[in-house]
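One-letter residues, chain by chain:
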Protein chains: 2
Amino acid sequence: MVKVMAERSRNTEEHILEVARKVFMENGYDGTSMQMIANEAGINKSLLHYYYRSKDRLFHQIFEKVFSQFVPHLGVIFMSEMTLEEKVRAFTDRYMDVFLENPLIPIFVMQELSKNPQNLAQLIRDAGINPELMINKITESLQQEDIEMKDPRHFLVNLIGLCVFPFAARPLIQRMMFANDEEAYTQFLEQRKKEVSDFMINAIRKC
Amino acid sequence: MVKVMAERSRNTEEHILEVARKVFMENGYDGTSMQMIANEAGINKSLLHYYYRSKDRLFHQIFEKVFSQFVPHLGVIFMSEMTLEEKVRAFTDRYMDVFLENPLIPIFVMQELSKNPQNLAQLIRDAGINPELMINKITESLQQEDIEMKDPRHFLVNLIGLCVFPFAARPLIQRMMFANDEEAYTQFLEQRKKEVSDFMINAIRKC
DNA sequence: GTCTATATCGGGATAGAC
DNA sequence: GTCTATCCCGATATAGAC
């Protein structure tokens, strides 16, 4: 208790951000009230407004922080000079690791995705992601490597989908297929890094 | 206008259900108010309560209806005596057709998925879906057909994910990769039925 | 900076007239 | 069955004391 208070006094503003991040990620924007955040932070509502002016501004600050934590790497990997197989492995490893450490990100982002797609798209562009260029890069790989696919856009959607979906639908899948055993499902996700890579590569390998 | 009124008088109860379904699917549970539904239906809030007692009951009635519209087929296909390849093709065709006709279903379900997983899981079981049995069926296929995979559970998650994800993340993907062109993206999804089947089958074919 | 008190609004829900 | 009027609550946000 003493320690908590000490830490809080040291920097209330940051403390609020940490707490709010947790609460927002667990309950979504509509599902959390300023009161909930204030309680969790051990302060009152007014102080939230003092630091962040409105619920909206507080939320967006958090959202952009979460976002920038995992998006930028995407472009870097795909614009690099690795082979496509290496890219696939690097991507799944990187992404699923981020999500394994922060399993609520996919659900959190998905929830906002349908409400503010234009804002989201802008954030992605600001992070330096350019789908056109990524598509071109993949097309180049097709000519140089022993692989084939009909449309790189499907390939990209497949890759992202396979990484994100098991986190986004986790509450359901874990319940239905793993008797709601948290650890068992985490292990399943851990295996899945290799599983998805292999699956993707098998699917596009000529044979 | 006259026609609308006539139809409404004929059966207000059903009319409410139709309107509420649309509004709920477009805005999610938290994003819609009883006032919005009443306005859209051309009646007032009290009447909503008269017919459905509460927002919650109205919502669940709609949700279960939407759900039963696409879930039950899943089990039937996978418990049938088709080859695994046939099952994959039947599944993607069937599912993506349902979603193409009703593109908001995946987002709608996803939104509830994180809030009421236990309710959702129960609905699925009530629809006769048993993941255990489906897994067993897939394992049987492995011995009889010229395919291989490490873990049928990953296979199942992959299949569902590849079908659902492009609809769930549509607002973002359409914007980023298709200049927000609705028609172009619909066409992309249409192609995708074959694309996903081929992709899945390639990935598990021995070679 | 942090608190209490309060303003203001919109939500779901109910009572009661017709 | 459908309406108007109203209740009650919880939400965001602000005013102002300390």
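Starting afresh in each chain, residues are numbered from 1 along the sequence in its written order. Chain letters and ligand numbers both follow the written order, the letters beginning at A and the numbers at 1. Selection of residues for local features in this predicted model requires a pLDDT of at least 70, selection of side-chain atom pairs for listing and counting requires 80 or more, and totals for whole chains, interfaces and linings are taken over all residues.

1. Looking at the overall build of chain A
A run of DSSP states H or I qualifies as a helix once it reaches four residues; a run of E qualifies as a strand once it reaches two. Both are numbered from the N-terminal end. The helix and strand tally for chain A stands at 13 helices and 0 strands. Shown N-terminal to C-terminal, the secondary structure of chain A runs as helices and strands in the order α-α-α-α-α-α-α-α-α-α-α-α-α. The dimensions of chain A, computed from C-alpha atoms along their principal axes, are 65 × 40 × 30 Å. Between the buried cut of 20 or more and the exposed cut of 12 or fewer other C-beta atoms within 10 Å of a residue's own C-beta lies the partly exposed class, and all C-beta atoms are placed from the backbone. In chain A, which comprises 207 residues, the proportion classed as buried is 33%. Residues are treated as contacting if the C-beta atoms built from their backbones sit within 7 Å of each other. Long-range pairs, those at least 24 residues apart, make up 63% of the contacts in chain A between residues at least 6 apart in sequence.

2. Looking at the protein's contact with DNA strand C
Here, nearness means that the C-beta atom of a residue, built from backbone geometry, sits within 6 Å of the molecule or strand in question. Around DNA strand C there are 16 residues in total, and Thr12 and Ser46 of chain A together with Ser33, Met34 and Ser54 of chain B lie nearest to it. Elements represented by at least two residues in the surface near DNA strand C include exactly helix 4 (45–52) of chain A together with helix 3 (34–41), helix 4 (45–52) and helix 5 (55–68) of chain B. When grouped by side-chain class, the residues that make up the surface near DNA strand C number 4 nonpolar, 9 polar and 3 charged. Any residue outside Ala, Val, Leu, Ile, Met, Phe, Trp, Tyr, Cys, Pro, Asp, Glu, Lys and Arg is labelled polar, Gly included; the first ten of those are nonpolar and the last four are charged.

3. Remarks on the nonpolar core
Of all hydrophobic cores here, the largest spans 101 residues; its most connected members are Ala20, Phe165 and Ala168 of chain A together with Ala20, Phe165 and Ala168 of chain B. Leave out the neighbours within four places in its chain, and Phe165 of chain A touches Val157, Gly161, Val164 and Phe165 of chain B. The nonpolar core is taken to be a set of buried Ala, Val, Leu, Ile, Met, Phe, Trp, Tyr and Cys residues joined by way of C-beta atoms within 7 Å.

4. What to know about the packing of helix 12 (residues 170–178) of chain A against helix 13 (residues 182–204) of chain A
Residue and element names in this part refer to chain A. Contact geometry of helix 12 with helix 13 gives a least axis separation of 10 Å together with a crossing angle of 110 degrees. Accordingly, the angle class assigned to the pair helix 12 and helix 13 is roughly perpendicular. Contacts between helix 12 and helix 13 pair Arg170, Gln174 and Phe178 from the former with Ala184, Tyr185 and Phe188 from the latter. A breakdown of the residues in the contact of helix 12 with helix 13 according to their chemical character gives 4 nonpolar, 1 polar and 1 charged. In this analysis an axis means a line fitted to C-alpha atoms, helices contributing only their contacting stretch, and an angle means the value between N-to-C directions, from 0 to 180 degrees. For classification purposes, angles smaller than 35 degrees are called roughly parallel, those larger than 145 roughly antiparallel, those between 65 and 115 roughly perpendicular, and all remaining angles oblique.

5. Notes on the interface of chain B and chain A
In this complex, chain B contributes 39 residues to the contact, which on the side of chain A involves 39 residues. Counting residues per element, the side of chain B that touches chain A draws most heavily on helix 11 (residues 152–168) of chain B, which supplies 10 residues. Its residues placed into classes, the side of chain B that touches chain A shows 24 nonpolar, 8 polar and 7 charged.

6. Description of the relation of the copies chain B and chain A
Least squares is the method used to superpose the copies, on C-alpha atoms of residues holding a pLDDT of at least 70 in both. Aligned on chain A, chain B shows an RMSD of 0.1 Å; the corresponding rotation is 180 degrees and the shift along the axis is 0.0 Å. Taken together, the rotation and translation describe the operation of a two-fold axis. Identified as the residue of chain B closest to the rotation axis by C-alpha distance is Ala203 of chain B, at 2.0 Å. Counting the interface residues of chain B, we find that 100% of their copies in chain A are interface residues as well, pointing to one common contact surface.

7. Some points on unusual backbone geometry
With a phi close to 60 degrees, Asn180 of chain A is a non-glycine residue in the positive phi region. Position of Asn180 of chain A relative to the elements: it lies in the loop between helix 12 and helix 13.

8. Examining the confidence of the model for chain A
The predictor reports its confidence for every residue as pLDDT, a score running from 0 up to 100. Across chain A, pLDDT averages 94, with 95% of residues at or above 70. Note on residues 1–6 of chain A: pLDDT under 50 across the span, and 0 contacts to partners over four residues away in sequence or across chains.

9. Thoughts on the protein's contact with DNA strand D
Around DNA strand D, the structure places 16 residues, and the nearest of them are Ser33, Met34 and Ser54 of chain A together with Thr12 and Ser46 of chain B. Contributing elements (two or more residues each) for the surface near DNA strand D: helix 3 (34–41), helix 4 and helix 5 (55–68) of chain A together with helix 4 of chain B.

10. Focus: the environment of Ala38 of chain B
Residue and element names in this part refer to chain B. With respect to the secondary-structure elements, Ala38 resides in helix 3. The exposure class assigned to Ala38 is buried, which follows from the 20 C-beta atoms found within 10 Å. Other than its neighbours up to four places away in sequence, Ala38 contacts Ile43, Asn44, Lys45 and Leu48.

11. Some words on helix 5 of chain B
Because an α-helix completes one turn every 3.6 residues, residues spaced three or four positions apart along the sequence face the same direction. Residues and elements named next belong to chain B. By this rule the span expected of a helix is its residue count minus one, scaled by 1.5 Å. End to end, helix 5 covers 20 Å across 14 residues, agreeing with the expected 20 Å (1.5 Å per residue, within 8%). Burial in helix 5 covers these residues: Leu58, Ile62 and Phe63. The arc that holds every buried residue of helix 5, seen down its axis, measures 125 degrees, which confines them to one face. Turned more than 90 degrees away from the buried face of helix 5, the exposed residues are Asp56, Arg57 and Ser68. Those residues of helix 5 that are buried lie in contact with helix 2 (12–31), helix 4 and helix 8 (105–113). What the arc describes is the spread of directions from the helix axis to the C-beta atoms.

12. Overview of the environment of Tyr95 of chain B
Residue and element names in this part refer to chain B. On the secondary structure map, Tyr95 appears in helix 7 (residues 84–101). Residue Tyr95 is classed as buried on the basis of its 24 C-beta neighbours within 10 Å. For the pair Tyr95 and Ile107, spaced 12 residues apart in sequence, the C-alpha separation works out to 14 Å.

13. Re the environment of Glu86 of chain A
Inspection of the secondary structure assignment puts Glu86 of chain A in helix 7 (residues 84–101). Sequence spacing of Glu86 of chain A and Asn11 of chain A is 75 residues, and the spatial spacing of their C-alpha atoms is 43 Å.

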